[in-house]
Structure formats: structure tokens, C-alpha cells
Amino acid sequence: MTVTAAPLTTVFQSGLDAPICLTWELTYACNLSCVHCLSSSGRRDPAELTTDECKRVIDEFERMQVFYVNIGGGEPTVRPDFWELVDYATAHHVGVKFSTNGLRITPEVARRLAGSNYIDVQISLDGATAEVNDAVRGRGSFEMATRAMRNLADAGFAGFKISVVMTRHNVAQLDAFKAVADSFGAQLRITRLRPSGRGADVWDELHPTASQQRVLYDWLVAHGENVLTGDSFFHLAGYGQELPGLNMCGAGRVVCLIDPVGDVYACPFAIHEEFLAGNVRAPGGFAAVWRGSDLFAGLRRPQSGGACASCSAFEACQGGCMAAKFFTGLPLDGPDPECVRGFGEAALATADFARRPSGDHSHRGRPAAARGPVPVTIGPRPDHGTVVRDTVVRDVPDRACDQSPLAGFTP
Amino acid sequence: MPENAAELLDRPAADAAVAEVNEFTELEPVEVVAADLLVEEISIDGMCGVY
Amino acid sequence: MSTSEFDLDAAWRLHPQVSIRPERFGALLYHFGTRRLSFLKNPALLAVVSGLATHPSARAACADAGIGAAELPAYTRALATLAESQMICGRTAS
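A short note on the interface of chain B and chain A
No. 1: Contacts between chain B and chain A engage 17 residues on the former and 29 residues on the latter.
No. 2: For the side of chain B that touches chain A, the class distribution of residues is 11 nonpolar, 3 polar and 3 charged.

Dropping the structure here:
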């Protein structure tokens, strides 16, 4: 008689009946205009899921036993029903971690959050100093995030997350980021920049250089024991030692994205028709998309590895990130643009033109973040009062954030 | 039945008995996978494709 | 907790903050308190864990799940791992 156990990644690569966790972007509205925003956020979409539709999605998560959902956006807290939805989720056995730039994390909110076991918070920060951070996220954003972190720490919320996107300009701040996290009793999380959303525009100048990538990898191996990565650096496994995590692409297999209008994508870094699996508003809801979409079925079939299959590093790196390849115009069955062996760089030289993201909810007339505050069109939306996809487009004071991203924000 | 029964009969009685016992007590090998493999912990943050 | 420290003859149960999700190849366990996620890698182990609360001992739960003597050490080690990560906890005999 034998006691058998299949390797975990083999099982996961063929997909599960429900995601283990997933990302849910609640709104495209955002008070910031980060230069690398993976969802090209800024302006709310008129067809965003209503409060009731969101609750039906949460009901599905409960039935499917999705353990937790990572809520983001845009800036999810600008939705007037944000807290109602978070409470609804936790009351229905779905854990919540929400990503925020700190906009609404007042001392009172922080105290409320600190008292809940089922809610986790992730503050976005891309520089350990205002100079580095604000160049990417906009003037004042470092201060706003710091205030939120101070409020969380003061409220006794131990272990909230600080999430950093690694760029050419902040790799040198790895130790400083760790110090910032330690000073607030928070846990550091660093993630990979993908050429997704607005990231496509700035990827060439912002993505870490090859030598910086090596620095990053070495740092994680040496100091990364309590540092989270969202497994976003599995492409670095080609250097040798695998970093903690599943070390595989989870898109469509164990994770996926639900966007503000209910579209289901394989991954938040792949918001493009090519990776669109369906919509939760269709019959059968989210479950039907997760279980029955052709796109996901394709991702759950054994992948050949293509041009990478003969490389000795392939077993470890699995060919890298699908989204990174797609948006830099590389073929999906070839090397990652940041392949540690340099094969990606070589491939880029002869790549097709880089692909554009499918949607763009960016604030109109947005400047580069370093040039100052974001100008916003003030006044009612041109489509105010019209009906779009069964939703009346409303432009009322209680959603003044649509007009001014800073409405309601008291420094 | 020992393969070389004839040889065994030639050996001193004590050794032959021990040899026989050893042969017959060898059961079919049981493959037991290292117990670590039965439970594997993964970080809830350790899946690529989440914010 | 090592295998030798795990008490097979004690009564155990799933921690109340743990959610079990059966899967084709075993099960996923998520602890909402510790935020740890474990994968039980075969259905027999799932049967053992599911049966803990209704058996007087872990040993009885294993027996009922069809675990033979030769395999018991492997499953004991697995249970010890789960106890160490607080996925299962002792229960007062009832």
C-alpha cells in the first residue's frame, strides 16, 4: 500500500473549482494618478457594479468558499458603499484585504479596522522618501500614506501591509522600506512592476535594470524572510534558489480579477480582451465564468513552454509572466522580458509593437505625477441622467469624487 | 521457499534457521512517502496574480 | 511539534476559525485567525481531519479512515504539522 501525494503546483496548474483568493477592483475612480497604474484608473466607469450586484458576487464567493478577496481599484474607499461591502463580505465568511493609498484611513477608521480579525489593510507606497514616492504617485501621496500608516499603528493594528512596486528608482531603498515597515509594526510587501495599464507607458524607464534585478533577488534571499512578495518574482527563480511561494503563474488557475464593471480577467495585470474570460452579470455569475470559460480552460491545460522549454532554468521560472510578455509584444511561449538569462532582452529587440491596454479610465489631461496636482474637469458629466447598461448615470454631490478626486478629503 | 534450499541444507543448522526466518519475514515493501508531503503550507500571499 | 509529541490518543478537532474546502486531490484549509493556508494532499488525510471531532481519539479517526499501521507514522506526522500550525486543536473529552 502506498501513501501518495501529488506535487502541489501540478495540482494547481490544472485549476481548482474555485479560486483560493482573487483580486476585485471595486471602482476605477481614484484620487491619484500613479504613473504606473496597472488598471489605468482615475475616472469612475458609468457601468460599475451596483451595491446589490456586489453583494451577489460576495454571496457567490461564500458558496464557492473563496477564502479571501483582495479589494482594490482605483481607490476602493471612494465608493460610498465600501464599508457596507466589506462588512457584508466578512459577515459571509469571506476575508478581506483591501489596498488603499490611505485616503480614508482616519484614526476612527483605523480603530474600527484594528478591531476586526477578518479585515486586512495594504497601504500602497512606492518610495521610502517623499521624493522617490511622489515622483510616481503624485505630490502629497507620501504624506497621505504616512498619515494612514501612523493612524493604523496608533490604533494598534499590528501587521498591516505596506505594498511597494519595485522600480529603477526604489531598488536602492529596500532596507529603508523594511525600516519604514518596522517602524509602524507593519509587514513589508514588494511586488513586480508589470507593463500593464499605464505601466505600459513607463515600463521602459521604470523597470529595474538587470543588475538591479539581481540586487533585488539577493536581498530577498538574505533578508526576505518576513517580506511578502505575492509570488510576483517567480521569474527570478532562474537565478537558482526559488523564493517562497508557489512559483507559478496563478492566472486563471488559483486566482483571477473581477473588475469594476464585472469583467473577469485571468489576472489584474492582464486587463485586456485577450485575457477576458467573461462577466459576472451573465447567467451563472462568477462561478460559471471561473468554471466554464474557454480562456481559463486553456490556461489550465498543460503549457508547452515553447521556446523556453529547452532552457535549464525553465523548470524554475516557468517562462515568467504572461502579462509582462503580452504587453511588451513578446510571444507567450517565449522568454519573459526580464528573463534572468537575458533572453527576454534579446527577444525585445525584434518584438512586435507593444500592445495597448484595452481600457483607459485615466483622468483626462493628466500630467506626469512629478509635475504637480492632477487637473480635473469640474462640472456634471456629459452623460448625467442617461441610462447605460441598466444603470442611471448619476452625478450627485454624494459622489463628488467623480468631479474632484479630493472631495471629502481633509488633510 | 528459499531459492537455494539445497545450499541451506548444507549449512550448519543454526545459520540455516536464521536465513530462512529472514527470508520469510520480508514482507512486500511499503512505500511511505515522507510525511511532509501530506501537508503543505503555502502563504495566502504566495500566489502570483493578486494585487 | 514532532511526531513523538503528537498525542494520537487524545481527542482533537478542527480549530473553529478554520475553513475546510475539499478538493479533488485532498483539501484546502484556511485559518482566518493566523491567515495560514494548508493543503491536505490526499483524500485519506481529509477523511482523518474531518473525522477528528467525532472520534474519541485521533487514532480512532485514522483507523476509521482506513489508515493502516504502516502508514500511521506518516499521518501522525501530518497531524503534528497541523497541530503546530493551529489548524487542529485538542478538545476536552465529551
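Quick notes on helix α2 (residues 51-64) of chain A
Residues and elements named next belong to chain A.
No. 1: A rise of 1.5 Å per residue sets the reference length of α2, with its 14 residues, at 20 Å; its end C-alpha atoms lie 20 Å apart and thus fit the reference within 8%.
No. 2: Taken together, the buried positions of α2 are occupied by C54, V57, I58 and F61. In a view along the axis of α2, the buried residues occupy a sector of 100°, so they form one face of it.
No. 3: At its buried positions, α2 is contacted by β2 (68-73), α3 (82-91), β7 (257-258) and α10 (285-292).
No. 4: Q65 lies just past α2 and shows a positive phi near 60°.

A closer look at the nonpolar core
No. 1: Judged by nonpolar contacts, the single largest core of 146 residues is most densely connected at A:C21, A:V69, A:C267 and A:A270.
No. 2: For A:C267, the contacting residues outside a window of four places in its chain are A:A251, A:V255, A:C256, A:L257, A:F275, A:A323 and B:G49.

Description of the sheet that holds strand β2 (residues 18-23) of chain C
No. 1: If you trace the 4 strands from one edge of the open sheet to the other, you get β1(B)-β4(C)-β3(C)-β2(C), paired in antiparallel fashion. The sheet terminates laterally at β1 (39-43) of chain B together with β2 of chain C, the two strands that pair on one side only. Pairwise comparison of adjacent strand axes, ignoring direction, gives a mean angle of 20° for this sheet.
No. 2: Along the sheet, helix α1 (residues 43-51) of chain C contacts β2, β3 (26-31) and β4 (36-40) of chain C; its crossing angle with β3(C), the most-contacted strand, is approximately 50°.

Some details on the sheet that holds strand β4 (residues 119-124) of chain A
Residue and element names in this part refer to chain A.
No. 1: Read from one edge of the open sheet, 9 strands run β6-β5-β4-β3-β2-β1-β7-β8-β9, paired in mixed fashion. Two strands lie at the open edges of the sheet, namely β6 (187-192) and β9 (276-279), each paired on one side alone.
No. 2: Taken together, the 2 bridges between strand β1 (residues 21-27) and β7 define a ladder with parallel strand orientation. If you follow W24 over to β7, its bridge partner there is I258.

Re the pairing of β3(C)
Residues and elements named next belong to chain C.
No. 1: Counting buried positions along β3 yields 5 of 6 residues, so the element is predominantly enclosed.
No. 2: Bridge count for β2 against β3 is 6 bridges, and the pairing is antiparallel. Paired with V18 across the bridge in β3 is H31.
No. 3: Here β3 folds back onto β4, and the loop between the two strands holds 4 residues, one of which, R35, carries a positive phi near 60°.

What to know about the packing of α2(A) against α10(A)
Residues and elements named next belong to chain A.
No. 1: Viewed as axis vectors pointing N to C, α2 and α10 meet at an angle of 55°, and their least axial separation amounts to 8 Å. As judged from the angle between their axes, α2 and α10 are oblique. Residues R56, V57, E60 and M64 of α2 lie in contact with α10, whose contacting residues are G285, F286 and A287.
No. 2: Residues belonging to the contact of α2 with α10 are distributed by class as follows: 4 nonpolar, 1 polar and 2 charged.

Reading guide: rules and limits
- Position numbers for residues start from 1 in each chain and track the written sequence from start to end.
- The naming scheme follows written order: chains are lettered A onward, ligands numbered 1 onward.
- Only residues with pLDDT of at least 70 are given local features in this predicted model, and only at 80 or more are side-chain atom pairs given and counted; all residues enter the totals for whole chains, interfaces and linings.
- Residues are scored as being in contact if the C-beta atoms we place from backbone atoms lie within 7 Å.
- Classification used: nonpolar for Ala, Val, Leu, Ile, Met, Phe, Trp, Tyr, Cys and Pro, charged for Asp, Glu, Lys and Arg, polar for all others including Gly.
- For the purposes of this entry, the term helix denotes a DSSP run of H or I that reaches at least four residues, the term strand denotes a run of E that reaches at least two, and both are numbered from the N terminus.
- In this analysis, the expected span of each helix is defined as 1.5 Å times one less than the number of residues it contains.
- With C-beta atoms placed from the backbone, a residue counts as buried when 20 or more other C-beta atoms lie within 10 Å of its own, as exposed when 12 or fewer do, and as partly exposed for counts between those limits.
- Here the arc refers to the directions that run from the helix axis out to each C-beta atom.
- Think of a nonpolar core as buried Ala, Val, Leu, Ile, Met, Phe, Trp, Tyr and Cys residues chained together by C-beta atoms that fall within 7 Å.
- A pair of strands counts as paired when DSSP detects no fewer than two bridges linking them.
- Axes here refer to lines fitted to C-alpha atoms; in helices the fit is confined to the stretch in contact. Angles between the N-to-C directions go from 0 to 180 degrees.
- Every angle not falling under 35 degrees, over 145, or within 65 to 115 is termed oblique; those three ranges are roughly parallel, roughly antiparallel and roughly perpendicular.

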